[in-house]
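Breakdown of the fold
Here is how the chains run, residue by residue.
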Amino acid sequence: MKKLKMIGMLFVMLFLVGILPTKAHAEGWVQEENGSWYYLNQVGEKAKETWIGNYYVDENGVWIEGKTQAKNEWISSGGRWWYRHSDGGYTRSGWEQINGTWYYFDGAGWMETGWVNVGGTWYYLNGSGAMVTGWLKLGNTWYYLNGSGAMATGWVNVGGTWYYMNGSGAMVTGWLKLGNTWYYLNGSGAMATGWLNLGGTWYYLNGSGAMATGWLNLGGTWYYLTGSGAMAANTWIGSYYVNGSGAWVPGQTTGTTTGGGSKNKIIAIDAGHQRKGNSAKEPIGPGASQTKPKVASGTHGNASGLNEYELTLQVSLKLRDELQARGYQVYMIRETHDVNISNAERAQMAANQGADILVRIHANGSDNTSVAGALTMAPSNSNPYLGKSVISASQTLSRKIVDCFCATTGAKNQGVMQTDTMSGINWSSIPVSIVEMGYMTNCTEDLNMASTSYQTKMVQGIANGIDAYYGA
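This is a predicted model, so every value here is computed, not measured.

Overview of the packing of aromatic side chains
- Under the definition given, this model contains 28 aromatic pairs.
- For the ring pair Trp135 and Tyr163, a centre distance of 4.9 Å and an interplane angle of 75° mean the geometry is edge-to-face. A residue pair is termed long-range when its members are at least 10 positions apart, and Trp135 in strand S12 (residues 134-138) and Tyr163 in strand S15 (residues 161-165) qualify at 28 residues.
- Judged by its relative accessible area of 13%, Tyr163 falls in the buried class.
- Positioned above the aromatic ring of Tyr38, the side-chain terminus of Lys46 is 3.8 Å from the ring centre.

Below you can see the structure in the form of structure tokens.
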């Protein structure tokens, strides 16, 4: 009996010091009568000052209502996104780098996409909101975003190659004029240097990309680039001759290949029309009773918006440079838009300056916008105002010019129109031709004539026609 009592006391002592296992409890949340929530582990102990999932219990083990464990995460609402940080804070506005990627958030904290202007600088955020750097193509237009994401404008060097981005950031291709300097950007936008062949015409771009004009020495060989930049070939430059490859041939002097002495000829060029027309009347020819307005301002381009008087002067100035490069002397009727010279006066001015022929530069128009092609105008055999030799020479000049013009440009050849209604022809005492380069009412032809490359072709064609007239 005494032995049993001692065993019982030993059991009680072991229980009190915890040597024997205690009874297990169900782990989980428990709400007491006061309404507080506690979290008990398997041995019935309260969790304190810790997170239970997304819930926090304080130093007394009481759940703190409203305090949840946040995490870094994107949150979407109505198709738009904002960002919540692990401390529970939300991104509000401006730039923020998240996982190494830059994003921009508006004033309400919404993530931006597409173009965004920050402090006057444009950036592009893609569909996921990430800031873009490097090349970006939108539609058919290329843009360049530098390392800070800023959209580039002006010249930009990428991997050692120069590109030009216009004021809207779009990459430029083709001819580009900055100040008085021309550059050429190829199809990939890369700035060209060295020799460049466009449509069979050679140009030279120096190391800075600037188009060369005038005499150029390359490796000891001299070349001549006209005012339009086109390399001269098989022609005289003053008293110097350049061969088919454009190289000056030392020792060959003027007169050895003159083509009938054409290099002593004076060519009068009349850029048709002027800024403001003059509706006052003048006789259509010497002694004529029929009258016409002295001069009109001309037509305009349906697609280009270019006025005829602007187009004719652009081409005439290029033609002047080309003819001078070929060794002709040139007299310009006008070199500005702000003149007031009648058609009769223009013809008389050319003759008074001792010009050998008068070439009048014009562009056509029609109510039918599908009509296209080039033609020249000359007096008919029955013209009552001109002598037979002038009439014949004018017809020959006109035929040579329109044939060479169309051969060079590819324009439809509408031939020579004989007319006795043009005062600019009837008042001319020297061979004369009106060159209608194309139809400004035809969108395709209008845009062609407005382009630098096509103007170069037109000039080459007219100059070739003049050469052909003189037997060159």
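Brief notes about helix H6 (residues 443-450)
- Among all positions in H6, only Glu445, Asp446 and Met449 are buried. Along the axis of H6, the buried residues cluster in a sector spanning 105°; they form a single face.
- Considering only its buried residues, H6 is in contact with helix H2 (308-325), strand S28 (357-364), strand S31 (432-439) and helix H7 (452-469).
- The backbone nitrogen of Thr444 has a side-chain oxygen 3.1 Å away, supplied by the residue at the start of H6, namely Asn442.

Re the sheet that holds S31
- The sheet built from 6 strands is open, its strands ordered S27-S24-S28-S31-S29-S30 with mixed pairing. At either margin of the open sheet sits one strand with a lone partner, and together these are strand S27 (329-332) and strand S30 (413-418). In this sheet, neighbouring strand axes are inclined to one another by 25° on average, regardless of whether the strands run parallel or antiparallel.
- Note that strand S29 (residues 374-378) and S31 share 3 bridges and pair antiparallel. Bridge pairing links Met377 to Ile434 in S31.
- Against the sheet, helix H4 (residues 388-409) touches S28, S29, S30 and S31, its axis set at about 175° to S29.

Calculation rules
Residues numbered from 1 in each chain as written. Predicted model: local features only at pLDDT ≥ 70, side-chain atom pairs only at ≥ 80, totals over all residues. Heavy atoms only, no water. Phe/Tyr/Trp six-rings, centres within 6.5 Å; stacked < 30°, edge-to-face > 60°. Helix = DSSP H or I, 4+ residues; strand = E, 2+ residues; numbered from the N terminus. Buried < 20%, exposed > 50% of the residue type's maximum accessible area, 1.4 Å probe, protein only. Lys NZ or Arg CZ within 6 Å of the ring centre and 35° of its normal. Arc of directions from axis to C-beta. Contact = heavy atoms within 4.5 Å. Polar contact = N/O pair within 3.5 Å; in protein donor to acceptor, adjacent residues only side chain to side chain. Pairing = 2+ DSSP bridges. Axes fitted to C-alpha atoms, helices over the stretch in contact; angles between N-to-C directions.

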